[in-house]
Structures are given as structure tokens and as C-alpha cells.
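Topology and contacts: notes
Chain by chain, the residues:
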Amino acid sequence: MRCLVFLAAMTLAAPASAQLVAPLLTSDGKISCIQGMTGIGRPPGWEAIADPTAIGGWVLAETTGDSTDLHFPMCIAQQVAVLDVDATLRFKAVAGTRDRAGGMVLRAQNATDYYVVVASARDNAIRIYRMQGGRRSLVAAKEVPVTSGEWHKLRVMLVGDKFEVSLDGKAVLTTTDRSLMMPGGVGVWSQSDSVIYFDSLLIGPPVQAAR
């Protein structure tokens, strides 16, 4: 469960304005992403849950309820490995006592080496972390309202060492980090006992990379 292997790369050859689905679920509600975990605690328990408010009628959620602080389940889209990317994640924070945070994994090399952009409904914040050797370090953070029980769109433009993050169409955070400059997987991530509904994950080439 803790070792993720990416078997192929998907070339982003679509127009700069286009985003394509990075599959997390099949159309009939089966999990299609690669499950893994960073940290400690129970093995990840990702489930497909019917939700009529989701775009495809199904959501992906991690539901073990493990309140261990260093418990970070993840699920990575298969056959996707990119360096520069424009990605949008539709999510809804549903429950969680110790935490209520979820986000988007980028440039994942394995289950212990990646970036993650996290939206926290408990702390009302957006944070970018660098996970390296299973150890988490904060790259940047910004306070911003993240309402529980409502759908949000987290968009991340990552080009070279530059991150541009927006929430629900509003720019919230820009920063740089050069510690991981290799193509890698894209997926979703949860923390502790958070229950986050993940709907669609869309990826495409960033405008800067297409020029």
C-alpha cells in the first residue's frame, strides 16, 4: 500500500485551455486510481460513494477515520506523469474531528516523495507541502475560507518551480520551490480522520508551457 509505481506517462498535447479527466473512478463507481499512504496508521480505505451532486454521480473518499496525526492516504491517477501542469480538483469537506483537510498531489515519485496542495476546512487555509522521504515540510500557506459541506474547485498551475493556486476562481497563493523538478504522478490526498469527497480531477498543459 505504501509503494506507488507509475507505469506510463500521459503526454499533455491538448490545447492550453483544455483539461482532460485524470481518472479516479470508473463511470460505474469503481476505484481506478492507485492507493497508497504516507506516514503511519491503518492502511488507507478509499471508497466510491454515490452522490447525486457529483458530476458523475460518484465521489472518492477515504473513510477509515484514523485520527493519527501523521496519516496521509493518497490515490494517484494511473498512467499520468507530468512536470508542468494545470490541474483542477473539485472537492467537498464532509467530516473530520482531528482534521478536515484534503488536496492534490503533484509530481509524485512514490508514496513518500511529492508535492501536495492542501485545502483545510478546519483551519480555513491553503497550504503547499513538500513531502520528501516521508517527512513533510511547509513550502507556503495562506488563510482563505474553505467551507464544509460545499463543493469547491482547487486549481493549481505548476510550471518549473512556480506554483499558482486558486480556489473557486480566486487567486490565493503564489510561491516557488525547486526541490522536486521531475515529472511525477497526480492524484488526491487526505489527512488524519478527514472525510473529503473528491469529484473530478482535471489536468492539462499550463498556458506558459504551451507557448
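Structural notes, computed from the coordinates.

What counts, and where the lines are drawn
- Residues numbered from 1 in each chain as written.
- Predicted model: local features only at pLDDT ≥ 70, side-chain atom pairs only at ≥ 80, totals over all residues.
- Heavy atoms only, no water.
- Phe/Tyr/Trp six-rings, centres within 6.5 Å; stacked < 30°, edge-to-face > 60°.
- Helix = DSSP H or I, 4+ residues; strand = E, 2+ residues; numbered from the N terminus.
- Buried < 20%, exposed > 50% of the residue type's maximum accessible area, 1.4 Å probe, protein only.
- Lys NZ or Arg CZ within 6 Å of the ring centre and 35° of its normal.
- Core = buried A, V, L, I, M, F, W, Y, C linked by side-chain atoms within 4.5 Å.
- Contact = heavy atoms within 4.5 Å.
- Salt bridge = Lys/Arg side-chain N within 4 Å of Asp/Glu carboxyl O.

What follows is about the packing of aromatic side chains. Under the defined criterion, the tally for this structure stands at three aromatic pairs. Measuring from ring centre to ring centre gives 5.0 Å for Phe-72 and Trp-189, while their planes differ by 15°; the resulting arrangement is stacked. A residue pair is termed long-range when its members are at least 10 positions apart, and Phe-72 in strand β5 (residues 71–76) and Trp-189 in strand β14 (residues 185–190) qualify at 117 residues. As far as the burial class goes, Phe-72 and Trp-189 line up, both buried. The cationic tip of Arg-90 hangs over the ring face of Trp-151; the distance from NZ or CZ to the ring centre is 4.3 Å. Above the face of the Tyr-129 ring, Arg-136 is positioned so that its terminal group lies 4.7 Å from the ring centre.

Leu-60, Phe-91, Leu-106, Val-117, Ile-126 and Val-165 are the most contacted members of the largest nonpolar core, which has 41 residues in total. The element best represented in this core is strand β6 (residues 85–95), accounting for five residues. Apart from residues lying up to four places away in sequence, Leu-60 is in contact with Leu-24, Leu-25, Ile-31, Cys-33, Trp-46, Glu-47, Cys-75, Val-188, Ile-196, Tyr-197 and Phe-198. Of all hydrophobic cores here, the second largest spans 13 residues; its members include Ala-111, Val-116, Tyr-129 and Trp-189.

So, about the pattern of salt bridges. The tally for this structure, following the rule as stated, stands at twelve salt bridges. For Asp-51, the salt bridge is made with Lys-92, and the minimal N-O distance between the two is 3.4 Å. Of the two residues, Asp-51 sits in the loop between β3 (46–50) and β4 (58–62) while Lys-92 sits in strand β6, which places them 41 residues apart along the sequence. The salt bridge partner of Arg-90 is Asp-199, with a shortest N-O separation of 2.4 Å. With Arg-90 in strand β6 and Asp-199 in strand β15 (residues 195–204), this pair connects stretches of sequence that are 109 residues apart. A relative accessible area of 15% places Arg-90 in the buried class.

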